[in-house]
Amino acid sequence: MTTAQTQAQAQTLPKHYTELCDLMHAKGTLGSVMALVSWDQETYMPAGGAKARADQSSLLARLMHGQATNPRIGELLDQCQADNDLNDPNSEHGPNIREMRRDYDKATKLPSDLVANLAKAQSQAQDIWKVARTNNDFPSFIPALTTVMDLTKEKASCLMSDEHNELYDALLGEYEPGSTADEIEAVFTPLRDRLSAFIAELKDNGTPPKVDFLHQEIAVEKQHAFGKAVTAAFGFDYSKGRLDTTTHPFCSGFAAGDTRMTTRYSPNNFPDAIGSTMHECGHGLYEQGLPKATGLFGTPLTSAISLGIHESQSRMWENMVGRSKAFWTWALPLANKHFDGAFKDIDLDTFTKAMNTATPSFIRVESDESTYNLHVMLRFELERAMLRGDLAIKDLPEAWNTKFKDFLGLDVPDDATGCLQDVHWSFGLVGYFPTYTLGNLNAAQMWETINEQIPDLDTQIAAGEFGALLKWTRENIHQHGRRYTASETIERATGKPLGADPLMRHLESRVRPAYGL
Ligand code: ZN
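Reading the values: rules and limits
Residues numbered from 1 in each chain as written. Predicted model: local features only at pLDDT ≥ 70, side-chain atom pairs only at ≥ 80, totals over all residues. Heavy atoms only, no water. Pairing = 2+ DSSP bridges. Helix = DSSP H or I, 4+ residues; strand = E, 2+ residues; numbered from the N terminus. Axes fitted to C-alpha atoms, helices over the stretch in contact; angles between N-to-C directions. Contact = heavy atoms within 4.5 Å. Phe/Tyr/Trp six-rings, centres within 6.5 Å; stacked < 30°, edge-to-face > 60°. Buried < 20%, exposed > 50% of the residue type's maximum accessible area, 1.4 Å probe, protein only. Left-handed = near helix turned anticlockwise from the far one by under 90°. Nonpolar A, V, L, I, M, F, W, Y, C, P; charged D, E, K, R; others polar. Donors = N, O, S within 2.8 Å, 3.2 Å for Na, K, Ca; no water. Domains from an automatic or database assignment. Buried area = accessible area lost by both parts, 1.4 Å probe. Salt bridge = Lys/Arg side-chain N within 4 Å of Asp/Glu carboxyl O. Polar contact = N/O pair within 3.5 Å; in protein donor to acceptor, adjacent residues only side chain to side chain.

Asks: Can you explain the sheet that holds strand S2 (residues 251-255)? Please cite residues and give values.
Replies: Pairing within the open sheet is mixed, and its three strands lie in the order S1-S3-S2. In this open sheet, the two edge strands, each paired with only one partner strand, are strand S1 (241-245) and S2. On average, each strand axis in the sheet is tilted by 20° relative to the strand beside it, whichever way the strands run. Here S1 pairs with strand S3 (residues 258-263) via five bridges, running parallel. Following the sheet pairing, Gly241 is matched in S3 by Thr259. Relative to the sheet, helix H11 (residues 270-289) contacts S1, S2 and S3, its axis offset from that of S3 by approximately 165°.

Asks: I'd like to hear about the packing of aromatic side chains, residue by residue, with values.
Replies: Working definition: an aromatic ring pair is given by the centre-to-centre distance plus the angle between the planes. Evaluation of the coordinates by the stated rule reveals 30 aromatic pairs. Here Phe362 and Phe404 contribute two aromatic rings whose centre-to-centre distance is 5.8 Å and whose plane-to-plane angle is 20°, an arrangement assigned as stacked. One end of the pair, Phe362, is in the loop between helix H14 (348-354) and helix H15 (372-388); the other, Phe404, is in helix H16 (residues 396-408), with 42 residues separating them in the sequence. Residue Phe404 is classed as buried on the basis of its relative accessible area of 0%. Aromatic pair Trp425 and Phe433: ring centres 6.1 Å apart, planes at 90°, arrangement edge-to-face. Trp425 sits in the buried class, given a relative accessible area of 7%. Given a relative accessible area of 0%, Phe433 falls into the buried group.

Asks: How would you sum up the packing of helix H10 (residues 220-234) against helix H13 (residues 325-338)? Please name residues and give values.
Replies: It is the contact of H10 with H13, at a shortest axis distance of 10 Å, that shows an interaxial angle of 145°. Here the hand of the crossing between H10 and H13 comes out right-handed. Seen from H10, the contacting residues are Lys222, Ala225, Phe226, Ala229, Val230, Ala233 and Phe234; seen from H13, they are Phe327, Trp328, Trp330, Ala331, Leu334, Ala335 and His338. The residue inventory of the contact of H10 with H13, partitioned by class, reads 12 nonpolar, one polar and one charged.

Asks: Pulling in residues and values, what's your account of the coordination of the zinc ion?
Replies: Four donors placed tetrahedrally around a metal ideally meet at 109.5 degrees, and six donors placed octahedrally ideally meet at 90 or 180 degrees. Protein coordination at the zinc ion: the donors are His279 (NE2), His283 (NE2) and Glu311 (OE), at 2.1 to 2.3 Å from the metal. As a motif over one chain, the donors of the zinc ion read H-x3-H-x27-E. A residue pair is termed a helical-turn pair when its members lie 3 or 4 positions apart in one helix, as His279 and His283 do in helix H11 at four residues. Each member of the pair, His279 as well as His283, is classed as buried.

Asks: Help me get a handle on the domain arrangement of the protein chain, residues and values and all.
Replies: Annotation of the protein chain at the domain level lists domain 1 (3-135) and domain 2 (181-514). Spacing between the C-alpha centres of domain 1 and domain 2 amounts to 27 Å. Interface area for domain 1 against domain 2, summed over the two sides, is near 2,600 Å², with a carbon-plus-sulfur share of 58%. Among the residues of domain 1 in contact with domain 2, Trp39, Trp129 and Arg133 are the three that bury the most area, contributing 22% of the side total. Joining domain 1 to domain 2, the criterion identifies two salt bridges. Two residues, Glu99 and Arg482, come together in a salt bridge whose shortest N-O distance is 2.8 Å. On inspection of domain 1 and its partner domain 2, the count reaches 13 residue pairs in polar contact (both at pLDDT 80 or more). Looking at the side of domain 1 that touches domain 2, the elements with two or more residues in it are helix H1 (3-11), helix H2 (15-43), helix H5 (93-109) and helix H6 (112-135). A per-element tally of the side of domain 1 that touches domain 2 places H2 first, with 12 residues.

So, in structure tokens, the structure goes:
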């Protein structure tokens, strides 16, 4: 007997619901195998394993698609939705069924021809994009990008439902269910204007902090030990997880007792390593806090809400905690202990200021906490325009460069440093970028509420105590799985809908002093 059946019997739930949960359990289990295989590929797999791994991944992907589109799920969902006792939105089952329906409809709405064509076009476009970026040759990428965008539009048409106003919403729904482009625009536009003005003010009137000491050589093993000490203090349970090394850091929560974080190190870039480690730890704490140990594993109630909420957890630990003076009050002596006194001549104020720079630069993934959001908003506006047919792909470089000058005040020197820098569009990943800034917005808004509710939070953090903060995120975010949508979650947790003010207040309070303003 499966765990879901055991639990269901105790609660005398109907068979159509328990059978559905068992199918989800199997789907979640296969998904965790796929995640394990992907984690291994990015961490320990020898280069010689690539061919066999591609076969393994493709077989698993096919099996997973079969599970997600199993017609039996549709039949059981019909029975569950006709069962009034089960559909109480205030119960545990109502939201679970609602979200299972959302997933099933999404999985079954796309014709298999379209899925196959898109997969092929993405793989070709990705190869062409790599060469185009290396050669700074946007025109050579136009045909491939056009094909991917056309197929992505087709995909969006298939995914359209009553809750969507435009094609963009259907794609956004893949990552941020329930959100619309209009809602995002309403928050992004005022944030964009205020951020641009803020960055210009720093440039005109501020004095950039001294940062050279952050780039002295620190042995990678020592950085790893320090990262583990910090994340263990945050509350990451290393008896149920690991921290390993990769090229592009990520975190994967396989199951209740197994969450894998990854990070990257370079001897001369300590801030990058510790920032990535704290960031992935935020994702890891969320994964460890989801109620996966119940018989409902694999159902939406044990899964993360959206990328924007997942990202709020990572950004909170990386930025709100990890760049604060309170944190370094505790962590700087610890770093000196691990790094043989590398920062012993640097006082706390100087160190904290160096962690809070805001300087416009061309590459999104290398940008700082403040300017990062402008990179995201530029992409959001351009991809929405392309999807609406308001921007032809051939005109993308010019549109990119004009907006870049407008938002960040810089003249883009070439397309490799401009519109060719990200892999996302070659993959048809449209609607994905906004989730990064949604993460920052959510984190800042939660941070204000947390500080109101835990007035001595700074004192706790300065003493290396993170338990109250973790408890708040467990209670308000992690434990609910996908019971509430992202907007409901932020409103329940903070008492108001998502807005731009908390993020602006946060950035100004940290960055202004760093620039002597
Ligand atoms: Zn992240």
